[in-house]
Amino acid sequence: MGYVAVKGGGKAIAEAELQLEILRTRGARKGETPLSPDQIQHQLHFLHSQVLSEGGLYDEELAALALKQSLGDALEAAFYLRAFKATRPRIGVTPVLDTSKMRLIRRISSAFKEIPGGQILGPTPDYTHRLLNFERMEETPEAFRAILERWLDGITPDPSLDCLPKVVDFLRMQGLVEEASEPNEAPYDVTRQPITFPMPRSGALTLLARGNRGSLLALAYSNMRGYGSVHPTVAELRVGYLPVEMPHPVTGQMMEVGETLITECELLTSSTANKSSGLPTFGLGYGVCFGHNEVKAISMAILERSIRVGRRDGTIPSEDPEFVLSHIDGLESMGFCIHYKMPHYVTFQSSLTQMRDRQDDYRAKNPGVKANEVG
Amino acid sequence: MTDTFTQDASFNDGETSEASRQYSYGLMDEAAKKEIRRACLRAVAIPGYQVPFASREMPIARGFGTGGLQITLSIIGPGDTLKVIDQGSDDSVNAVSLRSLIEKVCPGANTTEDSDEATIVQTRHRIPETILGEHQVLVFQVPYPDILGGVEMNEERRVQLHGETDYAKLYVALYEDVVRNGRITSGAGYPVEVNRHYAMTPSPIPRWDVPRLSMSHNLNLFGAGREKKIFAVPPYTEVTPIQFSDQRFSVESFLDRNGERIACARCGSTGSFLDEIYLSDGATTFMCSDTEYCRKNAEIVSPVPSGAVEFRSPIPL
């Protein structure tokens, strides 16, 4: 019998939770030790970044804890963060932050060979040969430490990296790209206000920034392949630490309260016309998210552009704001997907009686069909 | 479950780093619960209208009842008695999971399996067989809040259709169903009209339960967490299944080969919605889907109100 008809659902849940813990600790007898949140944050950097970004909560420690608790399932880990965040009151809103103030670890442009401040490749696997390094199977703590020590030895900090100009600003000064829309609206907080359509741009940006990496990529990819017309060039992709400012609670003066690792992407896209003069210019696509998530930032930039200026009539999914914004949230799509595992006895029973009635109708009209020949 | 729940964190938003890692009463912060109560009030004022709300992430997955859960957490308080059912059963894993969560974050609220004792009943896919009273609230978990979803994908356009009571597409879809299949084949979640205005989904309750939504004594609140909508059928509000004069709505019949109403194999009831249960030898038997009703009924076999009610057609044909 199924999991409704029998008594003991509570016991079954407790046992299932225990089984999950057993799965996590199954190497303990061979001397395996528990992962620390620090190890997760540092050694699973990109996974950790994905959770920070989709969880929509910048708490490095809790993101690592969530990954530990969810056995490394990024969707589940983001879920823990969101569920936690939903229980917190909103204590304030930061002013608009200037991303040209980022302390950069990486910054590239594919639009120009040379850019003011230079191309900084930084930490990226882009040009690495993806060959398995079998030596890492047995990495000793000494070897692990030596990698860092060798690099730190003789390094001199370069304060010029703290603040580099934006590539798009140079083009903007020449009137070659669309003007940035002024942030004249109060940010639409999708976690505190209903999601309805049409969605203000700030709300759409939030939904995209919290969206699931794979979902964003799939929709953006459909646009890149021809189901859409963004045709992007990466003006600038930057990764680094953005200072977060808040007004001092007493003096009201702006002060830095911390910094968040973010990835930002600005795309130059197919042409558009200046609103007042009609002069043709490049369009812009904007993507930003918590953590180090380049695929997501680029995908977001494409979708931000495509839903802002796309066809909107539903003929191209990635250009229909409602279609895109309703289907990119990892928590929602994952939650609804797994809910099909829950019992549906009643709804199916209702369909079953309908189907039998319909079969009776059919037999009445087709007397030759016997019961066991149907279905 | 190793989380610690501390009740005193609720109004301490001053945030020491310790307090910021504890949970408040009803899990959500006070502003969130207030917002949801306001959405409920608005839903009650406009029966069948879908009120958008900023659905919060819950510790259970979207699709597992987050809409119903948010309503329950917003209206429950110490002294309330809660019953949670899933598919009519109090002991279904998801009902157990929801109940234990609510117990954990709402100290002072009691839980029960008895429909008569409950002040709040949270349900998925069923209305309890026991008729609820004016002092009770029935909270439904809703997967798809908009009955027009099947005929109009775009929400912006759907809002306009509802506003203008333009249900032509819905009627055409039902008519096409009749043309193709000889009948309206909707199983659970049969489309209804509320208070002679809004077309509404009753959530995927079987047709058996639909007549019992109409002119109910209790308040019915519907929460769709993933789709971020709350709607309501207030007490003593007319709920009419959408049908044609020559294609009448009917509830699940549960007749055997001889045309006799099948009785519950456990309590003998012939007036309840039944689950079809496959026995280990492949044979089937039928038992009440509402397990608490069945248990009570097995103790005292009593007659129950029948589901059959006469309805008016929404469009003259």
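Nothing here was measured: the structure is a model prediction, and the numbers come from that model.

Participant: How do you make sense of the overall build of chain B when you look at a structure like this?
Facilitator: Per the secondary structure count, chain B includes six helices and 12 strands. If you take every contact in chain B between residues at least 6 apart in sequence, the share linking residues at least 24 apart comes to 62%.

Participant: Would you mind going over the overall build of chain A with me for this structure?
Facilitator: Assigned secondary structure in chain A consists of 13 helices and four strands. The proportion of buried residues among the 375 residues of chain A is 34%. Here the analysis covers contacts within chain A between residues at least 6 apart in sequence; of these, 63% occur between residues at least 24 apart.

Participant: I would appreciate a short explanation of the domain arrangement of chain A in the present structure.
Facilitator: Often, the extent of an interface is quoted as the loss of accessible area upon association of its parts. Annotation of chain A at the domain level lists domain 1 (9–85), domain 2 (99–335) and domain 3 (350–375). Spacing between the C-alpha centres of domain 2 of chain A and domain 3 of chain A amounts to 57 Å.

Participant: Any chance you could explain the domain arrangement of chain B here in plain terms?
Facilitator: All names here are of chain B. According to the domain assignment, chain B consists of domain 1 (7–148 + 182–241) and domain 2 (255–299). Inter-centroid distance (C-alpha atoms) of domain 1 to domain 2 is 27 Å. Of the residues lining the interface, 14 residues belong to domain 1; the matching set on domain 2 comes to seven residues.

Participant: Just checking my understanding: could you explain helix α2 (residues 66–75) of chain B for this structure?
Facilitator: Residues spaced three or four apart along an α-helix face the same direction, because each turn holds 3.6 residues. Residue and element names in this part refer to chain B. Counting buried positions along α2 yields nine of 10 residues, so the element is predominantly enclosed. Within the span of α2, buried status applies to T66, G67, G68, L69, Q70, I71, T72, L73 and S74. Looking at the packing, one finds that the buried side of α2 touches α1 (30–45), α3 (93–105), β4 (120–124), β5 (137–141), β8 (219–224) and β9 (229–233).

Participant: Where do I start with the nonpolar core in this structure?
Facilitator: Grouped burial of nonpolar side chains is what soluble globular proteins tend to show. With 130 residues, the main nonpolar core has A77(A), L81(A), L221(B) and I230(B) as its most contacted residues. In terms of residue count, the dominant contributor to this core is helix α5 (residues 74–85) of chain A (nine residues). Those residues within four positions of L81(A) in sequence are excluded, and the remaining contacts are V51(A), G55(A), L57(A), L62(A), A63(A) and A66(A). Of all hydrophobic cores here, the second largest spans eight residues; its members include W208(B), V251(B), F273(B) and C288(B).

Participant: Is there a simple way to explain the interface of chain B and chain A in this structure?
Facilitator: Taken together, the contact between chain B and chain A spans 54 residues of the former and 46 residues of the latter. Secondary-structure elements contributing two or more residues to the side of chain B that touches chain A are α3, α4 (155–163) and β11 (274–278) of chain B. Top contributing element to the side of chain B that touches chain A by residue count: α3(B), with six residues. The residue inventory of the side of chain B that touches chain A, partitioned by class, reads 20 nonpolar, 17 polar and 17 charged.

The rules behind each value
Residues numbered from 1 in each chain as written. Chains lettered and ligands numbered in written order. Predicted model: local features only at pLDDT ≥ 70, side-chain atom pairs only at ≥ 80, totals over all residues. Helix = DSSP H or I, 4+ residues; strand = E, 2+ residues; numbered from the N terminus. Contact = placed C-beta atoms within 7 Å. Buried ≥ 20, exposed ≤ 12 C-beta atoms within 10 Å, placed from the backbone. Domains from an automatic or database assignment. Core = buried A, V, L, I, M, F, W, Y, C linked by C-beta atoms within 7 Å. Nonpolar A, V, L, I, M, F, W, Y, C, P; charged D, E, K, R; others polar.

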